[in-house]
Each structure stands twice: as structure tokens, then as C-alpha cells.
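Structural overview
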2 protein chains.
Amino acid sequence: MADVAARAGVSAQTVSRVIGRPEMVTEETRKRVQDAIRELNYIPNEAARNLASNNSRVVAVVIPTLSSSAFAAQVKATIDTLELRGISVVIGNSEYSVLREEQIIQTLLERRPMGFILTGLHHTPRAMDLLRQSGVPVVETWDTDARPIDCAAGFSNIAAGRDVGALLLKRGAQRIAFVGGAASQDSRANGRFIGLAKAVAEAGLPPPVRIELVLPMSTQDGIHGLDAVLAQAPLTDAIFFSADSLALAALLECNRRGLRVPEQLAICGFGDFDLAGLVTPSLTTVRIQPDVMGRTSAELLLARVDGDEAPTTVALQHQLIRRGSA
Amino acid sequence: MADVAARAGVSAQTVSRVIGRPEMVTEETRKRVQDAIRELNYIPNEAARNLASNNSRVVAVVIPTLSSSAFAAQVKATIDTLELRGISVVIGNSEYSVLREEQIIQTLLERRPMGFILTGLHHTPRAMDLLRQSGVPVVETWDTDARPIDCAAGFSNIAAGRDVGALLLKRGAQRIAFVGGAASQDSRANGRFIGLAKAVAEAGLPPPVRIELVLPMSTQDGIHGLDAVLAQAPLTDAIFFSADSLALAALLECNRRGLRVPEQLAICGFGDFDLAGLVTPSLTTVRIQPDVMGRTSAELLLARVDGDEAPTTVALQHQLIRRGSA
DNA sequence: TTGTAAGCGTTATCAG
DNA sequence: CTGATAACGCTTACAA
């Protein structure tokens, strides 16, 4: 920066201004400085900037995994939104473990991020302490069924589960099963189960059979879930899978086995993956727009950072997509 | 840090050592300092560390998009590998544009990353200049068909395309078509086409029809590609799609239309997505292990940073997965 | 509008 | 093994 200043015949401070608040500098001076910057290929040192200005221009995003198209889409939208403001995103993978999440939060805190975007409302007490003490804004996503630390941009898994239950019942299902990530690892999936169970209970039917898959899970686990359901409750006439990947695998497996969907077994997924509408029968599912969640959570965080009076919870709506499989 | 030092009755420097090189401090002193750190909830300031040590502990990863399971898997593996060493990953989304990539590289350079992991071997001249001048190690992925800036961890798209061509020909295909991202946007897909065209030429057949899709593309585009091929070359008997998502969409559409795969139309994808083996007929495709690429590129970068004599190019092998669709 | 001085919180370096 | 001192490259705050 000193070199640039010398070359432009100004002080370092003026160079700093040209970079940070160009409008504070005469057009002529500005031009001279910008030329010098270009000629010297000067690239500001962000660490020095952070240290002096106490602003990292970094947002930390912690998700359970990147190998789910929904989380990937969410993160992509977050990155795109923040990139426009010159903010970088650092990603933490918790692998569906709140303990790892805590560890990651602690490490990322060293970068003094402008804020955290977390997945879900459930974290270790220590993680919440760390967050609170540091005073960084926190946006929680994917869940609005409990009180957020600070604010949230998500949807109600319970409501979504209940809607699925209602649809399945309306379709005539009597013995509904649920296949999803273990409740202890995935509280969002658990919320969907709770909603489903509520709808089933209200209809006066016995509680749904539940298969808990150990996370991280693969698409293949959809077949394992199907098998587990059929082994445990052979009369099951409808299965709600907590993710489309699982539902799709199961649906295709049913086709292969000659098990008629939805006549013998109705199937409902969650997430509305790209292929959901293309398989036969097409997959009934729930659309949640992870990209909107990614963008909204970023905007909410920015509003918090700017001190705007941001809403505590942005409730995104899920949408039941009724297709052929249920 | 001063507070911690005071509380532990040592100098700030000793606190720094306990954090950075604990082995240089007596066990007793170390313990005292660690207690003080815990009691005061001290969290080091990474920006100050970066500035003083001239080491950002950040690696920049630039990919075309995160909404492709292959790139997501790659990035996940990279994050997991680097996390172990306390290195954070910042992600840039180029949206398949080398211009945006250049812009992103310039911005990320401000963070003085330990290195860059880029996608492909094709970048703007200015981007390459920026990289060279900054002197950061660069690992390029997804392509080994040209000379890397620094080093590469990828596979040969040309070889993969050629293998697909050979398989399709062996299967009896006479009129092969290719559907993939526009060559100007996706040089990797272009490589696959080149390989395919080579195999076809060697067999003495007319060059394959080629449909270029504008990126970013959706799964649905697989159907558009299929339609475009059939419109342009109705006698086509085999299509090579540059991504499984496209191939899967097309395959399912063929099923719906009663177009028999592979009898009337053989289909080959690329990437071996989760569902590839589950559809009927199962999808013939090419496996490339993006997770291995993500891990390997990270390791290669670390080796470069450590000054180890790392190989210039790590050639990962693709694997033809012959299934039912071709 | 521009410049000067004083940090920002840490690590490198050298001395003890 | 531990401590003192001087950076690291920039921005804030104030002065001119």
C-alpha cells in the first residue's frame, strides 16, 4: 500500500480511502491511485484490514453435510447472496453431529465471522454459550419449531409432516411408516415424524412404524428402509421418507420388485429433488426451496449485522407436491 | 491474550506458544496457561495471527457450481481433509464462467490463501497472471488433458470420452450423439466429446451429432437434449450425456415414451450418481470419484505448501460402469 | 479533501 | 524454556 501511495503521490490513507470509500476522494486523485494500484498489481491484505477494522467480511455456515442436494443448493444461494457484498463464506460440515458442530463453531469463531448460519435449532449447551458470549448474530435454518438463539429462516417440519400424514390418510392409508435419519442426529427429520404421528393419532390410527437410519446415509439406504419397514410391519400401505433420495431409491426398488406404487404401497418423499417428477410413478413429495432459505438466511444475517430491525423468524412455506406415488 | 498471560503469570509470548507450539512449553506452564484460556474463554484472533505469521490457514476452492452432486462431494472431501489441519475453506462459485472465476480469484487473493484449488485447466490469461504473480500454489482438478499452471489432480476427459465411444460402438451403435454443456463454458465436457469423436472417427463413422446446453443446466435439460438429438438426427442409436443427471432424465423420459433403452436408443451418462444403478434399465456411466479428487487435491496442495516434492499431476482413473442402458 | 499518528492482536526474532 | 521488542499491513480518529 505504501508503494501505491508513493507512486500516486499521496498518503497511504488516501489509498485506503480509494479502496474502501472511493466517494470520499477527488475524482482526479482517485484515478491516479487506481492507476497506481493497477500498475503495481496491488492486492489489499484482508487480514490487515480485518485486524484494523475489526470486520472479517466472513460469514460462517455450518451444515450437516454437503452431499445432500438440498444443503448444497442452500449454501450456493448463501454464497451467491453474500458474494455480491464482498463477503466470503466459510463452510463447516458437522456430519450430523452436534458435538462436531460445537467444535466447528469454536474453530470458526477464531475468524471473528460477521455471523453464523446454522442448521436446525438444536445445538450443544456449550455451542450456544460460545455463540452467546461472542455476541455474533446467528441465523438458524431448516426449522422453526422451537425458539431460535437469535433468529431463524426456515419452515415447520412438524407442519410438513402433518400435511404429509393428512394426504396419506386421505389417500386411504391405514398403516403408515416413517423412514428417516435417527432422531438424535436429525431433529428436523424428527419433527417431520412428530407431525406425521400427530396426524395419524388424530385419525385414531395406531402410531406409525418408524425406521431410524444412521447418518450420514446413502441413497441405497432408501432400500434398506423399505426392507426394514416391510420386515417389521408387512401390512404397511404407505411410507413417508424424510428425504427424496431415500424415497426415490425405494420407489425404483418397488418397481423392480413388482410392488405396485401407490396401489400396494404409497410413497411420499421430502425435498422435491430434480428427478422426483421424472420417475414413474412420479414422486409425491414436499417442496421446501432450500435456495430461498439460503438467500433469506443470508439477508436476515446482513440485516442483523446492519442493525436493522429484522424479524425474529422468517417462516418459509413448504408445499405439498402431489404426484403419482401417493 | 494479555489477560490470559496475566492470569497465568506468564508473558503473552508464552500464551502464543501454548497455542501454536505447545511442545515448546513446560508441561506445568502449559497447563497453567490452558487453564487461564479456559477460564477466560479466550478465543485467539485469527486475523491478527494471519497478519503476524503471514499464514492465513485458508484454502480457496473455485468450482463452477455447488448444485452438482459431484462438485459438492469433491468440496466436502476437500473440507474434511483440510479441517483436520485446522485449515478453513472458502468457496467461490464461478457459474461456469471463466470471467467470473477471474473476478473470484482476484477477490479471494485478498485473503492470502495458502493455495487455490480450481476446476479445469482453462482460465483467463489475467487469472493465470494473478495467480502466478501472487505465487500461491494452485491445484487444478477435473482435467489432465493439458498443462497445469502448477499441478493437477484429475482425470482425462478425453480418455473417458473415448472409452465411452468404444463401448457404444462395441454395443453396435452407428450413429452416436453427444449432449453436454457448451464447449465454451465447460471444457471438461468438451474433452469428453473430443474423446468420443475420436473413437467414432477411428471406427470410420461420421462425426457424432452434438447438442450444447447452456450452463447452468437443470436435470430437465436432459429431456431437452434428448429432443434436440431426435429432432436433429432421428436415426441416432446412442447418446452420451456429459452428466448422469441429464442421462437419467432422458432415460426416464424414454421409459415414459415407450422408447426402448438400450434396444432403440442406448444411453450412457457420466458421473455415476447415486440413482444410476437403481433406475430401470440401470444407467451405464463413468465413475470418477469426486471425493477422491477432493481429498487428493487438498493433499497435493498441502504437500506443495510444505515444500514437499509433490508430483505435478496426479492422474485419477475413471472407470466405465457398464449397466443396462448401453 | 488529504495527511499524521496510533493502534488492531498476534507472532518472529533474538536475548537471557 | 521464557521474555522483551519489533513488526505484520491496514483503518480509525483526529488534525490540517
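Numbers given for residues are sequential positions, taken from 1 along each chain in its written order. Chain letters and ligand numbers both follow the written order, the letters beginning at A and the numbers at 1. Note on the predicted model: pLDDT of at least 70 is required for a residue's local features to be given, and 80 or more for side-chain atom pairs to be given and counted; whole-chain, interface and lining totals, by contrast, use all residues. To obtain the side-chain values, all non-hydrogen atoms of the structure were used and water was disregarded.

The name that an unreviewed UniProt entry assigns to chain A is LacI family DNA-binding transcriptional regulator, with the source organism given as Kaistia nematophila.

Take the sheet that holds strand β6 (residues 176–181) of chain B next. The strands making up a sheet associate through hydrogen bonds between their backbones, and the pairing can be parallel or antiparallel. All names here are of chain B. Whether two strands pair depends on DSSP finding at least two bridges between them. Numbering of helices and strands runs from the N terminus; a helix is a DSSP stretch of H or I covering at least four residues, while a strand is a stretch of E covering at least two. Overall, parallel pairing links the 4 strands, which are arranged β7-β6-β8-β9 in an open sheet. Each edge of the sheet is formed by a strand with only one pairing partner; in this case those strands are β7 (209–213) and β9 (266–268). Between one strand axis and the next, the sheet turns by 15 degrees as a mean value, whatever way the strands run. Inspection of the sheet shows β6 paired to strand β8 (residues 238–241) by 4 bridges, in the parallel sense. Residue pairing across strands places F178 opposite F240, the latter belonging to β8. Sheet contacts for helix α9 (residues 187–202): β6, β7 and β8; angle to β6, the most-contacted strand, approximately 170 degrees. Orientation is described by axes fitted as lines to C-alpha atoms, over the contacting stretch for helices, and by angles from 0 to 180 degrees between their N-to-C directions. Any two residues having at least one pair of non-hydrogen atoms within 4.5 Å are treated as being in contact.

Looking at DNA strand D, there are 21 residues lining it, with A:S16, A:Y42, B:T14, B:R17 and B:T29 nearest. Throughout, the term near means that a residue has one or more heavy atoms lying within 4 Å of the molecule or strand in question. In the interface set of DNA strand D, defined as its atoms within 4 Å of the protein, sugar plus phosphate atoms amount to 62%. Here a polar contact means two N or O atoms within 3.5 Å. Within protein one must be a hydrogen donor candidate and the other an acceptor candidate, and residues neighboring in sequence count only if both atoms are side-chain atoms. Residue B:R17 places a side-chain N or O atom 2.4 Å away from a base oxygen belonging to DNA strand D. Within the contact set of DNA strand D, a phosphate oxygen lies 2.3 Å away from a side-chain nitrogen or oxygen of B:T29. If you list the elements that add at least two residues to the surface near DNA strand D, you get α2 (12–20) and α4 (46–53) of chain A together with α2 (12–20) and α4 (46–53) of chain B. Here the surface near DNA strand D gets 4 residues from one element, more than from any other, and that element is α4(A). In this classification, Asp, Glu, Lys and Arg are treated as charged, Ala, Val, Leu, Ile, Met, Phe, Trp, Tyr, Cys and Pro as nonpolar, and every other residue, Gly included, as polar. Looking at the surface near DNA strand D, its residues break down into 10 nonpolar, 9 polar and 2 charged.

What follows is about the interface of chain B and chain A. Taken together, the contact pairs 52 residues of chain B with 52 residues of chain A. By definition, the buried area sums, over both parts, the 1.4 Å-probe accessible area that each loses when the two are put together. Area buried by chain B at its contact with chain A is led by B:I43, B:R111 and B:L278, which between them contribute 15% of it. Here a salt bridge means any side-chain nitrogen of Lys or Arg lying within 4 Å of a carboxyl oxygen belonging to Asp or Glu. Seen at the junction of chain B and chain A, the total is 8 salt bridges. The interface formed by chain B and chain A includes 22 residue pairs in polar contact (both at pLDDT 80 or more). Listing elements by their share of the side of chain B that touches chain A, those giving two or more residues are α4, α5 (69–83), β2 (88–93), α6 (98–109), α7 (125–134) and α11 (244–257) of chain B. Residue classes in the side of chain B that touches chain A are distributed as 24 nonpolar, 15 polar and 13 charged.

The next point concerns the protein's contact with DNA strand C. Taken together, 21 residues form the shell around DNA strand C, and within it A:R17, A:T26, A:T29, B:Q13 and B:S16 come nearest. Per the 4 Å cut-off to the protein, sugar and phosphate atoms form 59% of the nearby atoms of DNA strand C. At 2.3 Å from a phosphate oxygen of DNA strand C is found a side-chain nitrogen or oxygen belonging to B:S16. A distance of 3.4 Å separates a base nitrogen of DNA strand C from a polar atom in the backbone of B:A48. Of all the elements in the fold, those that place two or more residues in the surface near DNA strand C are α2 and α4 of chain A together with α2 and α4 of chain B. With 4 residues, the top contributor of residues to the surface near DNA strand C is α4(B). Residue classes in the surface near DNA strand C are distributed as 9 nonpolar, 9 polar and 3 charged.

This brings us to the side chain of A:D221. All names here are of chain A. As for its placement among the helices and strands, D221 is situated in helix α10 (residues 221–232). We call a residue buried when its accessible area falls under 20% of the maximum for its residue type, exposed when it is over 50%, and partly exposed in between, using a 1.4 Å probe and counting protein chains only. Within this scheme the basic residues Lys and Arg register as positive and the acidic residues Asp and Glu register as negative, but His and the chain ends are omitted. Buried charge without a partner: D221 forms no salt bridge, and the closest opposite charge is R257, 12 Å away. In contact with D221, not counting residues within four places along its chain, are L213 and L246.

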